[in-house]
Amino acid sequence: MTDPQPPRPAPASSPPGELATQSAPADCAPPGELATESPPGDSADSAFPGPYPVGQYAAQLKRRLLEFARVQLVGEVWGFRGSRARVYFELRDARGAVPCSMWRNDFEALGVTLVDGVRVVVGGGCDYYPGSSVSSPSFTFAVLELRIAGEGDLLAALQRLRRQFDAEGLFEPQKRLPRPLVPRTIGVVTGEQGKARDDVLAGLRRRGWAGRLVWAFVPVQDRHAAPRIAAALRELAALEEVDVVIVARGGGSLADLLAFCDETLCRTVALLGTPVIASVGHHTDRTLIDDVAAVSCSTPTHAAEAAVRIDCRAARADLAASARQLERHGRVAVLGRARTLAQLSRAPAEHVARHRVHLHQRLRELRASARRRVADRRRLAGVHAVVLERKAGVMGLDRERRRAELRGRAGRFSRAGAETTARRSEDLERLVLALGAHDPERTLARGYALIEDPAGEPVTTAQAARAAGELGIRFHDGRVRARTEPPS
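What you see is a predicted model; the values in this text were computed from it and never measured. (Residues numbered from 1 in each chain as written. Predicted model: local features only at pLDDT ≥ 70, side-chain atom pairs only at ≥ 80, totals over all residues. Heavy atoms only, no water.)

Colleague: Would you mind showing me how to read the pattern of salt bridges here?
Modeller: When the charged atoms of two side chains lie near each other, side chains of opposite charge can form a pair. Throughout the structure, instances matching the rule amount to 16 salt bridges. We note a salt bridge from Glu-168 to Arg-267, for which the minimum N-O separation is 2.8 Å. Here the residue Glu-168 occupies a position in helix H3 (residues 153-168), and Arg-267 occupies one in helix H6 (residues 263-271), the gap between them amounting to 99 residues. Look at Glu-168 and you get partly exposed, because its relative accessible area is 41%. Residue Arg-267 pairs with Glu-263 through a salt bridge whose shortest N-O separation is 3.1 Å. Here Arg-267 and its partner Glu-263 are both found in helix H6, 4 residues apart, which amounts to about one turn of the helix. Each member of the salt-bridge network shares a partner with another, and the members are Glu-168, Glu-263 and Arg-267. (Salt bridge = Lys/Arg side-chain N within 4 Å of Asp/Glu carboxyl O. Helix = DSSP H or I, 4+ residues; strand = E, 2+ residues; numbered from the N terminus. Buried < 20%, exposed > 50% of the residue type's maximum accessible area, 1.4 Å probe, protein only.)

Below is the structure:
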């Protein structure tokens, strides 16, 4: 299984001599092992052996590199990428870097995930692709085994610096700065030849912004980039007319973006009095300047849209439409008010005349109504008088008739009353005689007496009389008291 290698630069020097199994001669290939080939027409003498066909020399170089000892290397992964057959990355430390490759099937079998800055230990040996007439040669360290050695030193340092900034409160000052909705002047810090410049311009054109741009072209990828970027930011922030500053750079590996993780640069951004919008790398990249800036954007286009937060073209169209509508409403309002004022100026006289006509009409109606009412009442009164006269005559006849009936009834009642009175008198006399026969006083008058106890109740037995002790004896002409004696 072969995988054509992409064009890669040749290493500056061969691996250290202590890793080789045997010492290679200075010319790397003895003349006896390569067939010489004299170019036609070339008779010049040279102190070097040869010339040899380049293909044979490349094959011999590959054979010698393969003879190097299999070793383990430790370093940080950078520029990890993959193809259908192999994965590629660089293994770096502070003193150098080695290009590495590994079969994709072997890498996927490990079940690890590599990102830039991860520290790994790899085992394998040198490999060399000699190239051909249509492809470039390349050197790589063929990785046969790989394991994670721990977090990369660079990522660890960045995390420590990020925690330090957070503890010092450097993430907040920029985010508290007010940002204008539509800035008049925007400062841009970016590379002069980078695509980020075009992206910023495209984003501002899409917003329809017509303000002023102040460019600060600086290096955005090397060890001198961070001081230059910080100086450009300070100069732009010193301009009073600059409302916001954009720091933009395209994508790349974390090693390419290290300038934007510089501590001095980040502290400079945090202390600026002008809002800074950071757009460094792609969507997945996160540098320290993104944390300390007022706004962090994923692309330079997004940064331009964040600086100009409204669509100026649409806002201008809306403003023009609102102005036209306001002018139209103003004209309508002025004409309406003018008509109203004209009507109001004529209103008092018209109002008085209208009310005068109305009052005259009401007065005429009132007089006519009064006359009709008096006439109606007069006719009705005449009718009532005739009716009353007729009723008075009828009532006189009725009165005489009722008077005669009442006299007849009075005679009958007087005769019936006399008869009834005589009959009732006889009945009363009989009842008086019957009542007198039962009167106790008459019984007492015949010689009888009524015995009563002290409470006035009748005593009917001797035992009751002895029990009472004192008795009252009632005769028809008075009462006497008596006391009982016990039997002897």
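Colleague: Teacher, can you tell me more about the environment of Leu-257 here?
Modeller: Structurally, Leu-257 can be placed in the loop between strand S8 (244-249) and H6. Judged by its relative accessible area of 0%, Leu-257 is buried. Along the chain, Leu-257 and Asp-222 lie 35 residues apart, while their C-alpha atoms are 8.8 Å from each other.

Colleague: Is there a simple way to explain the confidence of the model for the protein in this structure?
Modeller: The predicted coordinates ought not to be read in detail in places where the model reports low pLDDT. On average, the protein scores 82 in pLDDT, and the residues at 70 or more come to 88%. Per-element confidence in the protein is highest for strand S3 (residues 97-103), whose mean pLDDT is 94, and lowest for helix H10 (residues 440-445), whose mean pLDDT is 74. In this model residues 1-32 is a low-confidence stretch, pLDDT under 50, and it forms 49 contacts with partners more than four residues away in sequence or in other chains. (pLDDT = per-residue confidence, 0-100. Contact = heavy atoms within 4.5 Å.)

Colleague: Would you take a moment to explain the nonpolar core for this structure?
Modeller: Ranked by internal contacts, the top residues of the largest apolar core, which has 35 residues, are Val-189, Leu-233, Phe-260 and Ile-289. Elements with a contribution of two residues or more to this core: H3, strand S7 (212-217), helix H5 (225-238), S8, H6, strand S9 (276-280) and helix H7 (288-292). Per-element tally for this core: the top contributor is H5, with 6 residues. Those residues in contact with Phe-260 that sit more than four places away from it in its chain are Val-220, Ile-229, Val-247, Arg-249, Leu-265, Cys-266, Val-280, Thr-287, Leu-288 and Ile-289. Counting residues in hydrophobic clusters, the runner-up holds 19 residues, among them Val-188, Ala-196, Trp-209 and Ala-303. (Core = buried A, V, L, I, M, F, W, Y, C linked by side-chain atoms within 4.5 Å.)

Colleague: Hey, could you run me through the packing of H5 against H6 in this one?
Modeller: Helix-helix packing is characterised by the crossing angle of the two axes and by the distance between the axes. Where H5 meets H6, the closest approach of the two axes is 9 Å, and the angle between their N-to-C directions is 15°. In terms of axis orientation, H5 runs roughly parallel to H6. By crossing handedness, the relation of H5 to H6 is classed as left-handed. Along its contact with H5, which presents Ala-226, Ile-229, Ala-230, Leu-233 and Arg-234, the element H6 presents Leu-265, Thr-268 and Val-269. (Axes fitted to C-alpha atoms, helices over the stretch in contact; angles between N-to-C directions. Parallel < 35°, antiparallel > 145°, perpendicular 65-115°, else oblique. Left-handed = near helix turned anticlockwise from the far one by under 90°.)

Colleague: What is the right way to look at the sheet that holds S9 in this model?
Modeller: Two orientations exist for strands paired in a sheet by backbone hydrogen bonds: parallel and antiparallel. Pairing within the open sheet is parallel, and its 5 strands lie in the order S7-S6-S8-S9-S10. Sheet topology places S7 and strand S10 (295-296) at the edges, where each strand pairs with a single neighbour. Two strands pair when backbone bridges link them, and S8 and S9 are joined in this way by 5 bridges, in the parallel orientation. Bridge pairing in S9 places Val-247 opposite Ala-278. Helix H8 (residues 300-307) rests against strand S6 (185-190), S8, S9 and S10 of the sheet, and its axis sits at about 175° to S8. (Pairing = 2+ DSSP bridges.)

Colleague: Would you mind going over the packing of helix H4 (residues 195-207) against H8 with me for this structure?
Modeller: As a packed pair, H4 and H8 sit with axes 7 Å apart at the nearest point and diverge in direction by 40°. Here H4 lies oblique to H8, going by the angle between them. Seen along the crossing, H4 lies across H8 with a hand that is right-handed. Taken together, the residues of H8 that come into contact with H4 (itself represented by Ala-196, Asp-199, Val-200, Gly-203, Leu-204, Arg-206 and Arg-207) are Pro-300, Thr-301, Ala-304 and Glu-305. Each residue belonging to the contact of H4 with H8 can be placed in one class, and the counts come to 5 nonpolar, 2 polar and 4 charged. (Nonpolar A, V, L, I, M, F, W, Y, C, P; charged D, E, K, R; others polar.)

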